Amino acid sequence: MPAESAVLMAPFPTGAPYRIDQVMAAPAAMTVLFLGQVLAAALLSWLAVAKGGRRLWGLATAGLLLVLVALFFTLASWGTSDITKLSHFLTFDRSAIKGEPFWLLVAPLIMALPFRMATVHGLVVAGYGAAALGLARHWRAWSWAGWWVLLICCSPLLRGFMQNSHSRQALSTLLLLPFLLWAGRLARVPRVTLIVLPLWALSCHTTALFTLLLALLPRFPGMGNWPGGSVRRLSRVPALGVPPWWQNQWCAVPWGGLALALGGLILVGALVWHWAWELVPMVRTKLDSYWSQQGYANSYPLAAVVGRLQLAMAIGVVLTCKQRRVGLARFLACERGRQLVLYGLVYGLVEGALALGLVPQITSRLADPAGFFLLIVWLAWLQRHRCLWAALPALLVTLDYWLVERLAGSQALHCGSNDTFLCVPDRWPWQVRY
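Residues numbered from 1 in each chain as written. Predicted model: local features only at pLDDT ≥ 70, side-chain atom pairs only at ≥ 80, totals over all residues. Heavy atoms only, no water.

1. Focus on the packing of aromatic side chains
Spelled out, the test is: Any two rings among Phe, Tyr and Trp, with Trp reduced to its six-membered ring, count as a pair given centres within 6.5 Å; such a pair is stacked if its planes are under 30 degrees apart, edge-to-face if over 60, and tilted if neither. Runs of E in the DSSP output that reach at least two residues are strands. Runs of H or I that reach at least four are helices, and both are numbered from the N terminus. Partly exposed residues are those whose accessible area sits between 20% and 50% of the maximum for their type, while under 20% is buried and over 50% is exposed, using a 1.4 Å probe and protein chains only.
Summed over the entire model, instances satisfying the criterion amount to 19 aromatic pairs. Relative to F373, the ring of Y343 has its centre 6.1 Å away and its plane inclined at 70°; by these criteria the two rings are edge-to-face. Here the residue Y343 occupies a position in helix 19 (residues 335–356), and F373 occupies one in helix 20 (residues 360–384), the gap between them amounting to 30 residues. For the residue pair Y343 and F373, the accessibility class agrees, reading buried in each case. Taking 6.0 Å as the distance between ring centres and 80° as the angle between the ring planes, the aromatic pair formed by Y401 and W402 counts as edge-to-face. W402 matches Y401 in its accessibility class, with the two residues each being buried.

2. Quick word on the confidence of the model for the protein chain
Rule in force here: The predictor rates its confidence in each residue with pLDDT, a number between 0 and 100. Here, residues are in contact when the closest pair of their heavy atoms is within 4.5 Å.
Averaged over every residue, the pLDDT of the protein chain is 81; the share at 70 or more is 76%. This model gives residues 227–260 a pLDDT under 50, and the stretch forms 27 contacts once residues within four places in sequence are excluded.

3. Description of helix 5 (residues 101–112)
Here is the rule we go by: The arc in question is the one traced by the directions running from the helix axis out to the C-beta atoms.
For helix 5, every residue scored as buried is listed here: F102, W103, V106, A107 and I110. In an axial view of helix 5, the angular spread of the buried residues amounts to 165°, which keeps them on one side of the axis. For helix 5, the exposed residues lying more than 90 degrees away from the buried face are L105, L109 and A112. Close packing links the buried residues of helix 5 with helix 6 (117–138), helix 9 (167–175) and helix 11 (191–202).

4. Observations concerning the packing of helix 17 (residues 304–324) against helix 20
Selection criterion: Axis geometry follows a simple rule: fit a line to the C-alpha atoms, using only the stretch in contact for helices, then measure angles between N-to-C directions, giving values from 0 to 180 degrees. Every angle not falling under 35 degrees, over 145, or within 65 to 115 is termed oblique; those three ranges are roughly parallel, roughly antiparallel and roughly perpendicular. Helix crossings fall into two classes, left-handed where the near helix is turned counterclockwise from the far one by less than a right angle and right-handed where it is turned clockwise.
At a closest axis distance of 11 Å, the pairing of helix 17 and helix 20 adopts a crossing angle of 20°. Classified by the angle their axes make, helix 17 and helix 20 are roughly parallel. Between helix 17 and helix 20 the crossing geometry is left-handed. Contact residues: helix 17 offers M313, G316, V317, T320 and C321, while helix 20 offers L374, L375, W378, W381 and L382.

5. Looking at the side chain of E335
Heads up, the condition is: The definition of a polar contact used here is a pair of N or O atoms within 3.5 Å, where within protein one atom must be able to donate a hydrogen and the other to accept one, and adjacent residues in sequence count solely through side-chain atom pairs.
With respect to the helices, strands and loops of the structure, E335 is situated in helix 19. When its relative accessible area of 12% is taken as the criterion, E335 is described as buried. Polar side-chain contacts of E335 include one of 2.6 Å to the side chain of R185.

6. Here's the deal with the side chain of S364
Tracing the sequence through the fold places S364 in helix 20. Assessed through its relative accessible area of 1%, S364 is described here as buried. A distance of 2.7 Å separates a polar atom in the side chain of S364 from the backbone oxygen of P360. Contact partners of S364, with chain neighbours within four places excluded, come to A297, N298 and L354.

7. Some remarks on the state of the cysteines
This is how the line gets drawn: Throughout, a disulfide means two cysteine sulfur atoms within 2.5 Å of one another.
Scanning the model with the defined rule gives 1 disulfide in all. The partner cysteine of C415 in its disulfide is C423, sulfur to sulfur 2.0 Å. Taking the torsion about the S-S bond as the criterion, the C415 to C423 disulfide, at about -85°, is left-handed. The cysteine C321 is free of any disulfide, with C387 supplying the nearest cysteine sulfur at 9.0 Å. For C321, a relative accessible area of 17% translates into the label buried.

Quick look at the structure:
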């Protein structure tokens, strides 16, 4: 078997770009497919507000939207490195995923799928769309459900997950979404879900533990419900002197408990690190590879479109505050408001680390989970104040990015000479040579 593997690997490149044929650019077809998603989202919005019994039509349209999302990202991801590499290696050498038992378990099924890992990626992205639909239904925002699907699945904040085909980490992060909803008190989550899904996520990607800690940030001391009136008093602190309540409450935030919790977190982190380093050599090998050996690090969070999207999200927050007369004190008094600030700071720290070149091969992999959680908390905050229309600026930025930069720009792609998103297969699944 080793000799056979060597023979099969001989003609395969040792580094990206992996694909050298079986791809082509199809800007017109992919644009039509993308516009189909936009039309499906618009139709779903219209059916949600139209009078009469249109529930079945709405469910059918939601299903059609997910099918279009899955098909679009399946075809568009065909020419990326991760898809090509895994689709090839799954045939005879699965050592690249030996530390991720879920993928080893479903490898025979993946090999039977048309376009193999590309189809898996399309299904993972559709899973993000299904999560958006579920949240819209739970938060009674069904008229915005289709637009939320596009905001999440097509977000520049998730370019690594969606457009660079980090399918395994994307699935792991999606499975940990219920933990964020539970930690942030954004939705009721069954206990069995909080047990099963983290185990599943841990079997999908080695970054799941760090993503889980990121999802649990809203449960840190000081992020929960603050004492009544604390924020109002905080906003009226005199410019000079120490207010009387300082000596009794340590301000509104329980700083003593926060310090104790951080100490406990450091201790638990040290124990987990020791466990991972000593008892799980696979995790140690992968972290060491990320730290010192691999040179790959994307700079997607530093792209101009990400800055435009962040500005559009901030504009949505400002418009909501103006519409609902939400001042700084009321904003901070809202638990979802503090979560929004928290994840905004986390994503900003990731951007800063990448800009400064601080271990970019690791920090770049934290950008997409932080961006995903930031999007969810932002939508939850808008829903809390019933100003879902304030998501329109971000939606317009997202659609403009895809139609102008990605799809229109795909005419210039040199498919076949590099590993680029939107280089689609040039043949039917049964004609592909792996």
